[in-house]
Amino acid sequence: MERHLLRITVNGQEHELYINPKTLLVEVIRDHLGLTGTKRGCETVSCGACTMIVEGMSVKGCSVLAMQVDGLKVTTVEGLEDHGKLHPIQKAFIDHGSYQCGFCTSGMLMSSKALLDENPKATIKEIREGLDGNLCRCTGYNSIVRAVDAVCKGQYREDEA
Amino acid sequence: MIKDFKYLRASSVKEALGFLSQHKEESKIICGGQSLLILLRQGLVATEYLIDIKQVNELSYIDFDAKKGLRMGATTTHRTIEKSDLIKKKYKVLSDMERYLAHIQVRNWGTIGGNLAHADPAGDPAPVLMALSGSIKVGSAKGERTISLDDFYTDLFETALEEGEMILEVQVPALAPKTGAAYKKFNILESDQGIISVAACVTLNGGSTCKEARICLGNAAPTVIRAKQAEAKLKGQKLDEGLLEEVGLAAVAECDPVADIHASEDFRRHLVGIFTKRMVKQAWEAAKKA
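Everything quoted here is computed from the prediction, not taken from an experiment.

Now for the overall build of chain B. What chain B contains, in helices and strands, is 12 helices and 14 strands. In terms of overall size, chain B behaves like a compact globule, its C-alpha atoms giving a radius of gyration of 19 Å where 290 residues would be expected to give roughly 19 Å. Dimensions of chain B, computed from the C-alpha atoms along their principal axes, are close to 60 × 45 × 30 Å. A separation threshold of at least 6 residues defines the contact pool for chain B, and within that pool the share at least 24 residues apart is 64%.

Shown next as structure tokens:
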């Protein structure tokens, strides 16, 4: 079987691994690197549970070949906290109870992070559009939108790095 | 389960075309892979060689020239097109379309060339680009040629691309004065593909009659099609409700939709009529203000 060298930086840590070129980004993150915060959901680019951030852009790890992120920087949900200090969006999700079963949460957090990085003062409409690619089957959307909105309104400013 | 393949990463157009001419029908091109990876995983596509052009940055550009019009490189992402101030200003219909193409994660990684090559009749860019009289520049180891979007789609998921050819660039002419365009898809979720979609582009004479019109239907036939009878009904006419009704009925007669889990054939025809009327009216209003 063909093996290719993949060099990626995940949450600030550099990795070098040999993979079958058909390996998906979500498989490298979960199965090769053991970072299981990112979930595999629909695997058809629909649900967004596998959302992670590549070079500042949110992508769905189930639909990106790992070889395509060779040399790039990836942030997963594990990369949100900083030395035990939660990211404002994580705190806001806890405070607003923005999950029930939790399966969509890591994807929701990563889409929220990408949105906030791009548009820190997003309106409710922009938040809803920004989370358009993430499904929550517990239908907890309102509490998720409230959490992101709270961060946009500056209620977690003291938690920002 | 994806079948094993040999992975070839191209760093230039020349290298990609070299791989293509070497491996021909045994190879597939991947760029963003937002469509192809699903097909590979479902076993609908299997390939010996996968040629990756995602990092061919020389094909990632958006240029505009008043004479030549718009030029977009094949590896330009949907998100880049959506965010481009130039496109918002000159081809608003294109940025509006991109805003509702799937969702942000797909637009961040997926590319315009890949979307057009995938040849899904429900794809969003093709009807809009066709309504804007767009064409596609393709290249092979032997040279380059340009294919009008009118002739690019030959059947369901099939294109006029020949062995060893790949898409290099999407071209859209500069819009004539007094031209307006509109696009809308009908769907349940905004980010879904259209159950049907209609794009219209109308150019007016100095006064209030129609000089030129193009109406393109998405997911209403095996390929994106032009509703030419409907277009002909507009030429030289003034817009009123009676004319719109006729144009809508002509488009209904021209489309050839299938029934699926989302909609019956009859319902799709019904939608084509309604959306044709709405889009022609919207494009006409935009043309008046242009």
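Here the narrative resumes.
Let us look at unusual backbone geometry. Unlike most non-glycine residues, V45 of chain A shows phi in positive territory, near 60°. As for its placement among the helices and strands, V45 of chain A is situated in the loop between α1 (25-32) and β3 (51-54). One non-glycine residue, K178 of chain B, lies in positive phi territory at about 60°. For K178 of chain B, the location among the structural elements is in the loop between β10 (166-172) and β11 (179-186). On the basis of neighbour counts, which here come to 19 C-beta atoms within 10 Å, the residue K178 of chain B falls in the partly exposed class.

This next bit is on the sheet that holds strand β2 (residues 13-19) of chain A. Residue and element names in this part refer to chain A. The strand order β2-β1-β5-β3-β4 describes an open sheet built from 5 strands, whose pairing is mixed. At either end of the open sheet lies a strand with only one pairing partner, and these are β2 and β4 (57-60). Looking at each pair of strands side by side, their axes are set apart by 40° on average, direction ignored. Note: strand β1 (residues 4-10) against β2, 7 bridges, orientation antiparallel. The residue of β2 that forms the bridge with L5 is Y18. Together, β1, β2 and β3 form the strand contacts of α1, whose direction differs from that of β2 by roughly 105°.

One recurring pattern in soluble globular proteins: nonpolar side chains tend to sit buried together. In terms of nonpolar packing, the biggest core is built from 134 residues, with A200, V202, L217, A251, V272 and A283 of chain B touching the most fellow members. Aside from chain neighbours lying at most four places away, what touches A200 of chain B is A131, A181, A182, A213, I215, M279, V280 and A283 of chain B.

The next thing to look at is the interface of chain A and chain B. Chain A puts 23 residues into the contact, and the matching count from chain B is 21 residues. Along the lines of polarity and charge, the residues of the side of chain A that touches chain B split into 8 nonpolar, 10 polar and 5 charged.

A few words on the environment of H23 of chain B. Residues and elements named next belong to chain B. In this fold, H23 is placed in helix α1 (residues 13-23). Classification of H23 as partly exposed rests on a count of 18 C-beta atoms within 10 Å. For H23 and S197, which are 174 residues apart along the polypeptide, the C-alpha to C-alpha distance reads 37 Å.

With that settled, the discussion passes to the domain arrangement of chain B. Residue and element names in this part refer to chain B. The domains assigned to chain B are domain 1 (6-52), domain 2 (60-172) and domain 3 (179-289). Taking the mean C-alpha position of each, domain 1 and domain 2 sit 19 Å from one another. Each side of the interface is counted separately: domain 1 has 13 residues, and domain 2 has 17 residues. At 6 residues, α1 tops the list of elements feeding residues into the side of domain 1 that touches domain 2. The residue inventory of the side of domain 1 that touches domain 2, partitioned by class, reads 6 nonpolar, 5 polar and 2 charged.

Residues and elements named next belong to chain A. With 12 residues, helix α5 (residues 141-152) extends 16 Å between its outermost C-alpha atoms, agreeing within 8% with the 16 Å of an ideal straight helix rising 1.5 Å per residue. Every buried residue of α5 is accounted for by I144, A147, V148, V151 and C152. Along the long axis of α5, the arc covered by the buried residues comes to 145°, so they all point the same way. On the buried face of α5, the contacting elements are α2 (88-95), α3 (105-118) and α4 (124-130).

Cut-offs and rules
Residues numbered from 1 in each chain as written. Chains lettered and ligands numbered in written order. Predicted model: local features only at pLDDT ≥ 70, side-chain atom pairs only at ≥ 80, totals over all residues. Helix = DSSP H or I, 4+ residues; strand = E, 2+ residues; numbered from the N terminus. Rg over C-alpha atoms; globule rule 2.2 N^0.38 Å. Contact = placed C-beta atoms within 7 Å. Buried ≥ 20, exposed ≤ 12 C-beta atoms within 10 Å, placed from the backbone. Pairing = 2+ DSSP bridges. Axes fitted to C-alpha atoms, helices over the stretch in contact; angles between N-to-C directions. Core = buried A, V, L, I, M, F, W, Y, C linked by C-beta atoms within 7 Å. Nonpolar A, V, L, I, M, F, W, Y, C, P; charged D, E, K, R; others polar. Domains from an automatic or database assignment. Expected span 1.5 Å × (residues − 1). Arc of directions from axis to C-beta.

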